[in-house]
Amino acid sequence: MKIFRHNNEDKKNITNKFGHYFICLKKNIYLPNPENIKIIYTEILDFKVIYTGIRKDVRSRFTAHFEKMDASRSTFQLSLGSLFGYKKYLNPKDRYKFNTKDSEKLKEWIYKNCIFIYLKSGRDDYSKVEKDEKTFISIYNPPLNLSKTSDLIDNKLFRDYLSRIRNSNKDE
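Report follows, based on the coordinates. The numbering scheme is per chain: residues are counted from 1 as the chain's sequence reads. Only residues with pLDDT of at least 70 get local features here, since the model is predicted, and only at 80 or more are side-chain atom pairs given and counted; chain-wide, interface and lining totals rely on the full set of residues. Water and hydrogen atoms play no part in the side-chain values, which are based on all heavy atoms of the structure.

1. Focus: helix α1 (residues 58–67)
For every residue, the accessible area (1.4 Å probe, protein chains only) is compared with the maximum for its type, and the residue is labelled buried under 20%, exposed over 50%, or partly exposed between those bounds. Secondary structure is summarised from DSSP: a helix means a run of H or I of at least four residues, a strand means a run of E of at least two, and numbering begins at the N terminus for each. The buried fraction of α1 amounts to seven of the ten residues, a majority that puts the element mostly inside the structure. Burial in α1 covers these residues: Val58, Arg61, Phe62, Thr63, Ala64, His65 and Phe66. Contacts are assigned to residue pairs with any non-hydrogen atoms lying within 4.5 Å of each other. Against β1 (2–4), β2 (19–25), β4 (47–55), α2 (75–83), α3 (100–113) and β7 (114–120) lie the buried residues of α1. Under the rule applied, a polar contact is a pair of N or O atoms within 3.5 Å (in protein, one hydrogen donor and one hydrogen acceptor; residues adjacent in sequence only if both atoms are side-chain atoms). Where α1 begins, one side-chain oxygen reaches toward the backbone nitrogen of arginine 59, 3.1 Å away; that side chain belongs to aspartate 57. Downstream of α1 by one or two residues, methionine 69 has phi in the positive range, about 55 degrees.

Written as structure tokens, this is what we have:
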């Protein structure tokens, strides 16, 4: 497992192979929580896990979540921006995104408060990697993961709230 400190490392250090990744909060940082719903955080390497996923190219996922600022391609960004109350707009491909100003504020918050941890999978069969993802979601219970969480009771109220606000506040 490796921690990528995006402020002073080259992203080429991140594997471009199959792998798992965790987006975590830096120490003493918490998710925006406008309704003050209890969030249970689980830690990995002393960082609070807020989102996890798998990817055939982990480096490209770092780029999508931390650099591109396109909520239409990052459910992590869509969830986080929704928690901040940013209005969503439909792009030409019928996917939601935030306006430029809010996208920049979101990028700044992510860079300042989040850390990217990744683990090379060692598997080349996507279905096996997918099973590992479900296991990681069950173990770490990341509050921003909405799929593959139906059997998790912890953070259910928060996820229900997040799902509701992600689907509201949209400007068609």
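There is more to say, and it comes next.
2. Structural notes on the pairing of β4
Burial runs high along β4: eight of the nine residues are buried. Here, a strand pair is defined by DSSP locating no fewer than two bridges between the strands. Pairing between β2 and β4: seven bridges, direction antiparallel. Bridge pairing in β4 links leucine 25 to lysine 48. As defined by bridge partners, strand β3 (residues 42–44) adjoins β4 across three bridges and the pair is classed as antiparallel. Along β4, the bridge assignment pairs glutamate 43 with lysine 48.

3. Re the environment of serine 60
Checked against the element boundaries, serine 60 lands in helix α1. For serine 60, a relative accessible area of 25% gives the class partly exposed.

4. Some words on the packing of aromatic side chains
The criterion for an aromatic pair is that two Phe, Tyr or Trp rings (for Trp, the six-membered ring) have centres within 6.5 Å, with stacked assigned to planes under 30 degrees apart, edge-to-face to planes over 60 apart and tilted to the rest. Inspection of the entire model under this criterion finds 13 aromatic pairs. Taking 5.2 Å as the distance between ring centres and 75 degrees as the angle between the ring planes, the aromatic pair formed by phenylalanine 62 and phenylalanine 116 counts as edge-to-face. Here the residue phenylalanine 62 occupies a position in helix α1, and phenylalanine 116 occupies one in strand β7, the gap between them amounting to 54 residues. Phenylalanine 116 shares its class with phenylalanine 62; the two are buried. Between phenylalanine 158 and tyrosine 161, the ring centres sit 6.5 Å apart and the planes meet at 50 degrees, which makes this aromatic pair tilted. With a gap of three residues between them, phenylalanine 158 and tyrosine 161 both fall in helix α5 (residues 156–166), about one helical turn apart. Of the two residues, phenylalanine 158 and tyrosine 161, both sit in the buried class. Site record: aromatic cluster; members linked through ring pairs are Tyr21, Tyr51, Phe62, Phe76, Phe116 and Tyr118. We count a charge as sitting over a ring when the NZ of a lysine or the CZ of an arginine lies within 6 Å of the ring centre and within 35 degrees of the ring normal. Residue placement shows lysine 27 over the ring face of phenylalanine 47; its charged tip is 4.7 Å from the ring centre. Just above the ring of tyrosine 30 sits the side chain of lysine 48; from NZ or CZ to the centre is 4.4 Å.

5. Examining the sheet that holds β4
In spatial order, the strands read β1-β7-β2-β4-β3; together these five strands make up an open sheet with antiparallel pairing. Of all strands in the sheet, those with a lone pairing partner are β1 and β3, marking the two edges. With direction set aside, neighbouring strand axes in the sheet form an average angle of 40 degrees. Relative to the sheet, α3 contacts β2 and β7, its axis offset from that of β7 by approximately 70 degrees. Inter-axis angles, ranging from 0 to 180 degrees, are taken between N-to-C directions of lines fitted to C-alpha atoms, where helices are fitted over the stretch in contact.

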